[in-house]
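Residue-level listing of the chains:
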Amino acid sequence: MSDDVSAELREQFRTAFEGADFPVTDQMELVPALPNGPGTRFEAGDVSFSAMELAAHLDGHQEFPYESVDELVDDVMSALEAEGLL
């Protein structure tokens with residue numbers, strides 16, 4: 001996966017989740033921040049998934065609570081790498 005795709009996804013995640021009411025204690029607290037709710041799509045290069053697909057990939061990787069959007073996005077990116085999606 002190219003650095004450009006990772007950087008683009010990181011920025012999309014940050015933009016999508018920055019409106020959440022931090023700290024967040026579970027995935028459901030993030031849904032209201034998403035522009036299109038659970039149907040929100042994240043796309044960069046050949047990578048594309050909905051917020052619901054993202055949540056499924058992150059299961060078991062996230063360590064709630066998150067105090068900030070950057071802390072959350074760092075964990076999301078690490079989880080996607082661990083799952084072989086980046």
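Below is a short write-up of the structure.

## A short note on the pattern of salt bridges
This model, assessed by the stated rule, comprises five salt bridges. Residue Arg10 is joined to Asp74 by a salt bridge in which the shortest nitrogen-to-oxygen separation is 2.7 Å. Placement of Arg10 in helix α1 (residues 3–17) and of Asp74 in helix α3 (residues 69–82) is noted, with a sequence separation of 64 residues between them. When its relative accessible area of 35% is taken as the criterion, Arg10 is described as partly exposed. Between Glu18 and Arg14 there is a salt bridge, with its nearest N and O atoms 3.1 Å apart. Among the ionic contacts, a cluster of salt bridges with common partners joins Arg14, Glu18 and Asp70.

## Describing the side chain of Gln62
Relative to the helices and strands, Gln62 is located in the loop between α2 (51–58) and α3. For Gln62, a relative accessible area of 16% corresponds to the buried category. For Gln62, the side chain forms a polar contact with the side chain of Gln27, separated by 2.7 Å. Once residues within four sequence positions are removed from consideration, Gln62 is found in contact with Gln27, Leu72, Asp75 and Val76.

## Some remarks on the packing of α2 against α3
In the contact formed by α2 and α3, the axes pass within 9 Å of each other and the chain directions differ by 75°. Classified by the angle between their axes, α2 and α3 sit roughly perpendicular to one another. Where α2 abuts α3, its residues Leu54, His57 and Leu58 lie against Val76, Ala79 and Leu80. Partitioned by chemical class, the residues of the contact of α2 with α3 number five nonpolar, one polar and no charged.

Rules of the game
Residues numbered from 1 in each chain as written. Predicted model: local features only at pLDDT ≥ 70, side-chain atom pairs only at ≥ 80, totals over all residues. Heavy atoms only, no water. Salt bridge = Lys/Arg side-chain N within 4 Å of Asp/Glu carboxyl O. Helix = DSSP H or I, 4+ residues; strand = E, 2+ residues; numbered from the N terminus. Buried < 20%, exposed > 50% of the residue type's maximum accessible area, 1.4 Å probe, protein only. Polar contact = N/O pair within 3.5 Å; in protein donor to acceptor, adjacent residues only side chain to side chain. Contact = heavy atoms within 4.5 Å. Axes fitted to C-alpha atoms, helices over the stretch in contact; angles between N-to-C directions. Parallel < 35°, antiparallel > 145°, perpendicular 65-115°, else oblique. Nonpolar A, V, L, I, M, F, W, Y, C, P; charged D, E, K, R; others polar.

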